[in-house]
Amino acid sequence: MSEVHQQGLIHVIRSYLKLYTSMPIAKMAAFLEMTEPEFRTHLLRYKHKMCTPVWKSGSPLSGEMTSSAGTDFYIDGDMIHIADTNVVRPYGEYFVRQINKVQAINHQLQKETDHSRPYRAP
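Residues numbered from 1 in each chain as written. Predicted model: local features only at pLDDT ≥ 70, side-chain atom pairs only at ≥ 80, totals over all residues. Heavy atoms only, no water.

> Which parts of the structure should I look at to understand the nonpolar core?
The nonpolar side chains of soluble globular proteins are, as a tendency, buried together. Counting residues in hydrophobic clusters, the biggest one holds 17 residues, and the most contacted among them are Ile13, Leu17, Phe39, Tyr46, Phe73 and Ile80. The element best represented in this core is helix α1 (residues 2-19), accounting for four residues. Other than its neighbours up to four places away in sequence, leucine 17 contacts Met28, Tyr46, Thr71, Phe73, Ile80 and Ile82. (Core = buried A, V, L, I, M, F, W, Y, C linked by side-chain atoms within 4.5 Å. Buried < 20%, exposed > 50% of the residue type's maximum accessible area, 1.4 Å probe, protein only. Helix = DSSP H or I, 4+ residues; strand = E, 2+ residues; numbered from the N terminus. Contact = heavy atoms within 4.5 Å.)

Quick look at the structure:
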């Protein structure tokens, strides 16, 4: 039952970590209505639960531990420093390519409709 309680707190901690880039530990602990040492324990538990081994080569059980949380943090004294580790996709380039494709198709359709019209003498 304690594992279920821990998993529930992981989602709450993650949502708070996504909101800030840095914050005093005491302030975030107050948000969660915890003592500072208790919150530090939950932060370390969060970091531990969000690490998974990623296999690249070698034996099946070997692998490098990486975070699967999407947000990473480190504690410097009494401050939590948070970094978003999600990779932002280049949406602008995608839309420019799609616009160029539509323009090329439009141009091709205009050429085909111009060729299909009968020639009229002036």
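There is more to say after this.
> Explain unusual backbone geometry here, please?
Peptide bonds are trans in most cases, and residues, glycine excluded, mostly fall at negative phi. The backbone of glutamate 33 sits at a positive phi, close to 55 degrees, despite the residue not being glycine. With respect to the helices and strands, glutamate 33 occurs in the loop between α2 (25-31) and α3 (36-49).

> Explain the side chain of histidine 42 to me, please; I cannot follow it from the model alone.
You can see histidine 42 is positioned in helix α3. A residue is classified by how much of its surface remains accessible, and histidine 42, at 10% relative accessible area, is buried. A polar side-chain atom of histidine 42 sits 3.3 Å from a polar atom in the side chain of arginine 45. (Polar contact = N/O pair within 3.5 Å; in protein donor to acceptor, adjacent residues only side chain to side chain.)

> I tried to follow the pattern of salt bridges on my own but got confused; where do I start?
Should the charged atoms of two oppositely charged side chains come close, the side chains can pair. Counted by the stated rule, this structure contains three salt bridges. A salt bridge links glutamate 36 to arginine 40, with the nearest nitrogen and oxygen atoms 3.8 Å apart. Remark: arginine 40 and glutamate 36 occur in helix α3; sequence separation between them is four residues, near one turn of the helix. Relative accessible area serves as the criterion here: at 29%, glutamate 36 is assigned to the partly exposed category. Here aspartate 72 and lysine 47 are joined by a salt bridge, their closest N and O atoms 2.7 Å apart. In this pair, aspartate 72 sits in strand β4 (residues 71-76) while lysine 47 sits in helix α3, placing the two residues 25 residues apart along the sequence. Linked through salt bridges whose partners overlap, the residues forming this network are Glu36, Arg40 and Asp78. (Salt bridge = Lys/Arg side-chain N within 4 Å of Asp/Glu carboxyl O.)

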